[in-house]
Amino acid sequence: MMRVMRPLLHGAVAGLAGTTALNIAGYADIACRGRPVSDTPEITVRRLAAKLRIRIPGDEKVLENRIVGLGALTGYTVGLGMGAALSCAQAAGWRPTKAPRYVLASLFALTATNAPIVLLGISDPRTWTTSDWVSDIIPHVLYAVVTIRVLDRLEATAPD
């Protein structure tokens, strides 16, 4: 049981650290450039709920607040899940050198977060400006670096 639980727990902790780094980078970008907060998480929740025929309860204001909360929670869920997936892959023997791990984890993070918005027709990365790409790539690379560094640290200090 511990062979599965340790990678899942380590991955969740590392994913949470990475998600925190990603959020800090995103909000720092918003503060520095004065750009608006993205409404993509809320649109994703609305479209996903409609597609799955799930009714989110509440009157106008309560419903809006729930959707904002669910949008933020989906980001944390994806971040923790990706951390757990990376940790389980390492536990199963996936051990590329450092640079490929960072690149693959960054691509994994970019794909896992952008695929739903593309599949739901919310955004098309082919239409993004250079600034849009930079605003997306930098936080996801930071997510990957922090997640992998925390995973490595947890694994190095874990008892056998």
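The following refers to the structure shown. Along each chain, the written sequence defines residue order, and numbers are assigned to residues from 1. The predicted origin of the model limits local features to residues at a pLDDT of at least 70 and limits the giving and counting of side-chain atom pairs to 80 or more, whereas totals for whole chains, interfaces and linings rest on all residues. No hydrogens and no water enter the side-chain calculation; it runs on all heavy atoms of the structure.

**Topic: the overall build of the protein chain**
When helices and strands are tallied, the protein chain shows 5 helices and 0 strands. To qualify as a helix, a DSSP run of H or I must reach at least 4 residues; to qualify as a strand, a run of E must reach at least 2; elements of each kind are numbered from the N terminus. Counted from the first residue to the last, the protein chain has its helices and strands arranged as α-α-α-α-α. Looking at the protein chain as a whole, 30% of its 160 residues are labelled buried. In this description, accessible areas are obtained by the Shrake-Rupley approach with a 1.4 Å probe, and a residue is regarded as covered only by the protein chains that are shown. Carbon and sulfur atoms make up 67% of the accessible area of the protein chain, which amounts to about 10000 Å² in all. When charges are counted, neither His nor the chain ends are considered; positive counts come from Lys and Arg and negative counts from Asp and Glu. Working definition for charges: the position is that of NZ of Lys, CZ of Arg, CG of Asp or CD of Glu. The protein chain carries 17 positive and 12 negative side-chain charges, and their two centres are separated by 6 Å. Working definition: with a 1.4 Å probe on protein chains only, accessible area under 20% of the residue-type maximum means buried, over 50% means exposed, and in between means partly exposed.

**As for the pattern of salt bridges**
Salt bridges are defined by distance alone: a side-chain nitrogen of Lys or Arg within 4 Å of a carboxyl oxygen of Asp or Glu. Following the criterion strictly, the structure yields 6 salt bridges and no others. Linking arginine 46 and glutamate 64 is a salt bridge whose minimum nitrogen-to-oxygen distance equals 2.4 Å. Remark: glutamate 64 occurs in helix 3 (residues 60-91) and arginine 46 occurs in helix 2 (residues 40-51); sequence separation between them is 18 residues. A relative accessible area of 34% means that glutamate 64 is categorised as partly exposed.

**Some details on helix 2**
For a helix, the expected span equals 1.5 Å multiplied by the number of residues minus one. In this model helix 2 runs 16 Å from its N-terminal to its C-terminal C-alpha over 12 residues, within 8% of the 16 Å that 1.5 Å per residue would give. Tucked inside the fold, the buried residues of helix 2 contact helix 3 and helix 4 (98-119). Arginine 53 sits one or two positions beyond helix 2 and adopts a positive phi of about 55°. When checking whether two residues touch, look at their non-hydrogen atoms; a contact exists if any pair is within 4.5 Å.

**With respect to the packing of aromatic side chains**
Here a Phe, Tyr or Trp ring, Trp counted by its six-membered ring, pairs with any other such ring whose centre lies within 6.5 Å, and the pair is stacked when the planes are under 30 degrees apart, edge-to-face when over 60, and tilted otherwise. Evaluated as defined, the whole model comprises 1 aromatic pair. Between tryptophan 128 and tryptophan 133, the ring centres sit 4.8 Å apart and the planes meet at 55°, which makes this aromatic pair tilted. Under the relative-accessibility criterion, tryptophan 128 is labelled buried at 17%.

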